[in-house]
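So you can see what is in the structure, the chains are spelled out below.
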Amino acid sequence: MEKVTLNVKGMSCGHCVKAVEGSVSKLAGVSAVKVELNAATVDVEYNPQEVTLVKIKETIDDQGYDVE
């Protein structure tokens, strides 16, 4: 498993947290997702043999947030 912390802009409320955590957690290979709203970060634990970091970033981007 690998862990990564992504800086994500545009998250401002509980709905944002649910949208990001819900969509990323549905990806095969993702075992944990935690949004830190105040820090504007998303911690993801994933298996790189099942899902790529690019796919995780695209999934967050598809929810309308900017991944740096």
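Refer to the structure above for everything that follows.
Criteria and thresholds
Residues numbered from 1 in each chain as written. Predicted model: local features only at pLDDT ≥ 70, side-chain atom pairs only at ≥ 80, totals over all residues. Heavy atoms only, no water. Salt bridge = Lys/Arg side-chain N within 4 Å of Asp/Glu carboxyl O. Helix = DSSP H or I, 4+ residues; strand = E, 2+ residues; numbered from the N terminus. Buried < 20%, exposed > 50% of the residue type's maximum accessible area, 1.4 Å probe, protein only. Patch = residues over 30% accessible without salt bridge, like charges linked within 9 Å, V, L, I, M, F, W, Y side chains within 5 Å. Areas by Shrake-Rupley, 256 points an atom, 1.4 Å probe, with all protein chains shown as cover. Lys, Arg positive; Asp, Glu negative; His and termini not counted. Charge placed at Lys NZ, Arg CZ, Asp CG, Glu CD.

Draft legend 1. Representation of the pattern of salt bridges within the structure. A full pass over the atoms with the stated rule returns two salt bridges. Between Glu68 and Lys9 there is a salt bridge, and its shortest N-O distance comes to 3.2 Å. Remark: Lys9 occurs in strand S1 (residues 2–9) and Glu68 occurs in the segment after strand S4 (66–67); sequence separation between them is 59 residues. For Glu68, a relative accessible area of 54% corresponds to the exposed category. Note that Lys34 and Glu36 form a salt bridge whose closest N and O atoms lie 3.7 Å from each other. The class for Lys34 is partly exposed, based on a relative accessible area of 45%.

Draft legend 2. View of a negative patch on the surface. A surface patch of like charges, here negative, comprises Glu58, Asp61, Asp62 and Asp66. Sorting elements by how many residues they give to the negative patch places helix H2 (residues 53–62) first, with three residues. By secondary structure assignment, the location of Asp61 is in helix H2.

Draft legend 3. Just the environment of Pro48, in detail. Positionally, Pro48 belongs in the loop between strand S3 (41–46) and H2. On the basis of relative accessibility, which here comes to 38%, the residue Pro48 falls in the partly exposed class. With 45 residues separating them in the primary sequence, Pro48 and Lys3 have C-alpha atoms 9.8 Å apart.

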